[in-house]
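Residue-level structure breakdown
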Amino acid sequence: MCVALSAMRKNNFLLAAAIFLTSILTSSADVRLPALFSDHMVLQRGKTVPVWGWADDGETVTVTFRNQKVSTQAKDGKWRVNLSSLKAGGPDVLKVTGKNSIALTNVLVGEVWLCSGQSNMEFALKRAHESQADIAASSNSALRLFQIPNVKSDKPLNDVKANWTESTPETSANFSAVAYYFGRDLQKHLGVPIGLIQSDWGGSPADAWVKENILHTNPLYQEILDRRKTGEDEYKNALAKFEKEKAANPTNQIAAPRAPWKPGELYNGMIAPLIPYAMQGVIWYQGESNAPRAHQYRSLFPDLIRNWRSDWAQGDFPFLLVQLAPFDRADTKPESWAELREAQLNATKILPKVGMAVITDVGEETDIHPKKKKPVGERLAVAARQIAYGEKLIYSGPIYKTMQIKGDKIILSFDHIGSGLETRSGALQGFTICGADRKFFPATAQINGNEIMVSNANVKKPIAVRYGWANFPVVNLWNKEGFPASPFRTDDFQMVTAQKE
């Protein structure tokens, strides 16, 4: 009996092993797709559209969409095909066939935008100013949302855990407010489906969103790499102290220490898995965490844009940013936000197809998260209509161009004046002027046609002007198309934060 029982157990073990092995072989034989390819997705119109995934080596994989049918063989467990330029429309079915078959339904073709940054991009629609009516009216089958959960990684990942959904009151409420208003306006004006991919993390610095090897190319970034080692050591010590205190007092509510940001970890976890999904461009709201290092951001931010454009290999796609809103509090370095805004503005001048939404009118002095997100998204959408889609319209407020010194006055000229300059709320505010001593004084400023004259009776020989040069600027220069002017300075004096650090 014991022998028979032993034989039975052996046979059961062999049967279980065979079933397990068969399940592994069956699973490995399945053609698989990354999460970006799901029901309700939006494919980019007018461009080559990569479709990729995983399968057994040598397995023939065929992708069928509309009148296109493309096949390839998997190599090293991976496969990729390209669909030719697609016209906006749908819904359609995308089929992927290998040893198994996948059918993705309700697929649209239109415009795809990646929406990234830190907490002000992450800021949910349900928290935005007067958003309840917008949420209630957000059902739109032509607007699709893809929200990526927060993931850090030391190495590039190949997938994320998310899925496409249609915009509804249930799905839009927790989606990025800035991204939603951007996509809603764009869909209304273009009349084609819009797909929004939200990939952001509150408090994140730009250095977490670039490849780490980018930071080895410029000595200016060495302090980021050095700070990583210091931060990791400090975190380990803090964690050990926390665990010791927690063990001694299990009931105490002790806040856990937060791990420091690592270079490249959000690029690896939340950007790399998206490449090379075809898209039109990026909207970006970030910079608050880099304000103490604004001088570094002048090169870091353009390098981030170059990094993403290079890795996507889709040319110089539009990259539209939000200039930091007015904000100030006791622990903010004087003028650090002004310098960060200047670094953001600088990126629009040195790189092609980089646009900027100025929001000097929607800041909250003691709240880093201003709640008025609708004008932010709407201004980004106007910028997209001009930069990405070539509409003949004014998308920016006045941008400082040149200055002339005439006696005791400085005459300023601007780009993006539209049909003219104007002031809101009385006389022009926010201008300062200095002489050779570099001491800035409040200035009188007047609009004279398409120029502005700036002066101060105590500055007889002026050399420079600044506008809105503060963490929380109080300013009121606009163009008649309804866009506020960007803060600026005409001087190139050494930056305050650069001196301090």
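Look up: the structure comes first, before these words.
First, a word on what this report is: a plain description of the structure on this page. Predicted, not measured: the structure shown is a model, and the values here were computed from it.

What follows concerns the environment of phenylalanine 493. Within the secondary structure layout, phenylalanine 493 lies in the loop between β23 (488-489) and α11 (496-500). With 55 residues separating them in the primary sequence, phenylalanine 493 and arginine 438 have C-alpha atoms 8.6 Å apart.

Okay, the pattern of salt bridges next. Applying the stated rule across the entire model yields 29 salt bridges. Glutamate 232 is the salt-bridge partner of arginine 228, the closest N and O atoms lying 3.1 Å from each other. With arginine 228 and glutamate 232 both in helix α6 (residues 222-248) and four residues apart, the pair spans about one turn of that helix. Look at the salt bridges and you will find they share partners, linking Arg298, Glu335, Glu342, Arg466, Arg489 and Asp491 into a network.

All right, on to helix α9 (residues 336-350) then. Helix length check: α9 (15 residues) gives 21 Å between terminal C-alpha atoms against 21 Å at 1.5 Å per residue, within 8%. In terms of burial, α9 is a largely internal element, 12 of the 15 residues being buried. Where α9 is concerned, the buried positions are Ser336, Trp337, Ala338, Glu339, Leu340, Arg341, Glu342, Ala343, Gln344, Leu345, Asn346 and Ala347.

Another point: the packing of helix α8 (residues 294-312) against α9. Taken N-terminus to C-terminus, the directions of α8 and α9 make an angle of 35 degrees; their axes are 8 Å apart at the nearest point. For α8 against α9, the interelement crossing comes out right-handed. Residues Ala294, Tyr297, Arg298, Phe301, Pro302 and Arg306 of α8 pack against Ser336, Glu339, Leu340, Glu342, Ala343, Gln344, Asn346, Ala347 and Ile350 of α9. Across the contact of α8 with α9, the residue classes break down as eight nonpolar, three polar and four charged.

It is worth spelling out unusual backbone geometry at this point. Residue proline 91 follows glycine 90 across a cis peptide bond; omega there is 10 degrees. Assignment of secondary structure puts proline 91 in strand β6 (residues 89-97). In the segment running from isoleucine 275 into proline 276, the intervening peptide bond is cis, with an omega of 10 degrees. Mapped onto the elements of the fold, proline 276 is located in the loop between α7 (265-271) and β11 (281-285). A positive phi angle is found at alanine 313, which is not glycine, with a value near 55 degrees. By the element assignment, alanine 313 lies in the loop between α8 and β12 (319-322). For glutamate 335, which is not glycine, the phi dihedral falls at a positive 70 degrees. For glutamate 335, a relative accessible area of 24% gives the class partly exposed.

Checked against the element boundaries, serine 119 lands in helix α2 (residues 119-122). Contact partners of serine 119, with chain neighbours within four places excluded, come to Trp201, Gly202, Gly203 and His369.

With that settled, the discussion passes to the packing of aromatic side chains. To describe a pair of aromatic rings, one takes the distance between the centres and the angle between the planes. One pass over the full model with this rule turns up 23 aromatic pairs. Ring pairs connect the aromatic residues Trp209, Trp284, Tyr297, Phe301, Trp308, Trp312, Phe317 and Phe319, which therefore count as one cluster. Positioned above the aromatic ring of phenylalanine 123, the side-chain terminus of lysine 373 is 4.8 Å from the ring centre. It is arginine 438 that lies over the ring of phenylalanine 493; its NZ or CZ is 4.1 Å from the centre.

Conventions adopted
In every chain, residue numbers begin from 1 and rise along the written sequence. It should be noted that, the model being predicted, local features are given only for residues of pLDDT at least 70 and side-chain atom pairs only at 80 or more, the latter also being counted only at that level, while totals for whole chains, interfaces and linings use all residues. The side-chain quantities take in all heavy atoms of the structure and omit both hydrogens and water. Where helices and strands are cited, they refer to DSSP runs of H or I of at least four residues and of E of at least two residues respectively, numbered from the N terminus. Each reported salt bridge corresponds to a side-chain nitrogen of Lys or Arg within 4 Å of a carboxyl oxygen of Asp or Glu. Here a helix's expected span is defined as the number of its residues, less one, multiplied by 1.5 Å. Here's how the labels work: a residue is buried when its accessible area is under 20% of the maximum for its type, exposed when over 50%, partly exposed in between, all with a 1.4 Å probe on protein chains only. Between N-to-C directions, angles span 0 to 180 degrees; the directions come from axes that are lines fitted to C-alpha atoms, helices contributing only their stretch in contact. Crossing handedness is defined as follows: a turn of the near helix away from the far one that is anticlockwise and smaller than a right angle gives a left-handed crossing, while the clockwise case is right-handed. In this analysis, two residues are considered to be in contact whenever any of their non-hydrogen atoms come within 4.5 Å of each other. Side-chain classes are defined by residue name, with Ala, Val, Leu, Ile, Met, Phe, Trp, Tyr, Cys and Pro counting as nonpolar, Asp, Glu, Lys and Arg as charged, and the others, Gly among them, as polar. Between rings of Phe, Tyr and Trp, where Trp is taken as its six-membered ring, a pair exists when centres lie within 6.5 Å; planes separated by under 30 degrees are stacked, by over 60 edge-to-face, and by other angles tilted. Charge over a ring is defined by NZ of Lys or CZ of Arg lying within 6 Å of the ring centre and within 35 degrees of the ring normal.

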